[in-house]
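Listed below are the residues making up each chain.
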Amino acid sequence: MRLIIRVFSALILTVAVLAGVLVLLPGEKVAELAADQLEKQSGRKLAFSGPVRFTLWPTLGVKADGVTLSNAEWAGPEPMLTAERLTIGIAAADLLRGDLRVTEVSAILPHLNLATNAQGTGNWVLEAPGPDAAETASAEAGSGPVKTLAVEAVSLTGASFIYAPYGGEQLEMRRIDLALAMPDPAGTVDLEMVLRPAKDPVTIEGEIGTFADFLAGKVSSAGVTISTGGGRARFDGRA
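Reading the values: the criteria
Residues numbered from 1 in each chain as written. Predicted model: local features only at pLDDT ≥ 70, side-chain atom pairs only at ≥ 80, totals over all residues. Heavy atoms only, no water. Helix = DSSP H or I, 4+ residues; strand = E, 2+ residues; numbered from the N terminus. Contact = heavy atoms within 4.5 Å. Areas by Shrake-Rupley, 256 points an atom, 1.4 Å probe, with all protein chains shown as cover. Salt bridge = Lys/Arg side-chain N within 4 Å of Asp/Glu carboxyl O. Buried < 20%, exposed > 50% of the residue type's maximum accessible area, 1.4 Å probe, protein only. Polar contact = N/O pair within 3.5 Å; in protein donor to acceptor, adjacent residues only side chain to side chain. Pairing = 2+ DSSP bridges.

(A) Main features of the overall build of the protein chain. For the protein chain, the helix and strand inventory stands at five helices and 13 strands. Of the contacts formed within the protein chain by residues at least 6 apart in sequence, a portion of 47% connects residues at least 24 apart. Taken as a whole, the protein chain presents about 12,900 Å² of accessible surface, with 56% of it coming from carbon and sulfur.

(B) Layout of the pattern of salt bridges. What the rule picks out here adds up to six salt bridges. The closest approach of N and O atoms between R53 and D65, which form a salt bridge, is 3.6 Å. With a gap of twelve residues between them, R53 in strand 2 (residues 52–55) and D65 in strand 3 (residues 61–69) connect regions that are remote in the sequence. Looking at R53, the relative accessible area reads 29%, which means it is partly exposed. The salt bridge involving R196 is made with D177; its shortest N-O contact spans 3.3 Å. Placement of R196 in the loop between strand 10 (189–195) and strand 11 (202–208) and of D177 in strand 9 (residues 171–181) is noted, with a sequence separation of 19 residues between them. Among the charged side chains, a network of salt bridges with common partners joins R53, D65 and R85.

(C) Layout of the side chain of S70. Relative to the helices and strands, S70 resides in the loop between strand 3 and strand 4 (81–90). One polar contact links the side chain of S70 to the main-chain amide nitrogen of K45, over a distance of 2.7 Å. Setting aside anything within four residues of it in sequence, one finds S70 in contact with R44, K45, P79 and M80.

(D) Molecular detail of unusual backbone geometry. The backbone phi angle of L109 is positive, close to 50 degrees, even though this residue is not glycine. Mapped onto the elements, L109 comes out in the loop between strand 5 (100–108) and strand 6 (111–115). We note that R175 has phi near 55 degrees; this positive angle belongs to a residue other than glycine. The class for R175 is exposed, based on a relative accessible area of 52%.

(E) View of the environment of D177. By relative accessible area, D177 is classed as partly exposed at 25%. With 18 residues separating them along the chain, D177 and L195 place their C-alpha atoms 7.0 Å apart.

(F) Region of the structure containing the side chain of S106. Of note, S106 is situated in strand 5. Its relative accessible area of 16% is what places S106 among the buried residues. Not counting chain neighbours up to four residues away, the residues in contact with S106 comprise R85, L86, T87 and S155.

(G) Focus on the pairing of strand 12 (residues 221–228). Bridge count for strand 11 against strand 12 is six bridges, and the pairing is antiparallel. Looking across to strand 12, one finds that I208 is bridged to A222. Sheet analysis places strand 12 next to strand 13 (residues 231–238), joined by eight bridges and oriented antiparallel. Its bridge partner lying in strand 13, A222 is registered against G237. With antiparallel pairing between neighbouring strands as the criterion, strand 12 and strand 13 make up a hairpin whose turn holds two residues.

Following this line, the structure appears as structure tokens:
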């Protein structure tokens, strides 16, 4: 359960960061400006081997192909994340009011290289901006209305990951599907995940209370049903 929570948190945090930078500007400008902004704030390089385009129909938003996010310096040269395609849908009405309400984030064939160092820090934890960057962000925030970011739904298709804990045995898993509905991050979030560690798939359906606290590593209420070919188990409590 702890491993599932760690991997799940890393997936959501990474997608949320990419969503935040990709909705800054439409079209090809995103590839250069968003990548520069992310590198300044986190030290990670965001690259696109395919086109980045603004879409109007059927969903207003951004679609990017060949997405790559670099790894922490101590975690090796392989990218932390790659994805064949990342699509982000945006609510137009909220955007006009200065808010970013992301109605949909979907990733096709995303792959994560996850690892922890000797201090137990995961490579999915992005570095905080330095004092100069923080002062700049503060000054920019004071020059206009405060922007908020909310993501309503996340969908991952054909995801895979390699998890290498420091001093532990490496774990690899493929063909993971995830659907997450979170209209209110401060409230209850519904999730459905399909894992395929062996011949029979494992389906995980659950609800997580106070999702923002959960991603931050705080204790939250949780209810999870795990179903396999051999039976079903249910957990209700706090995680």
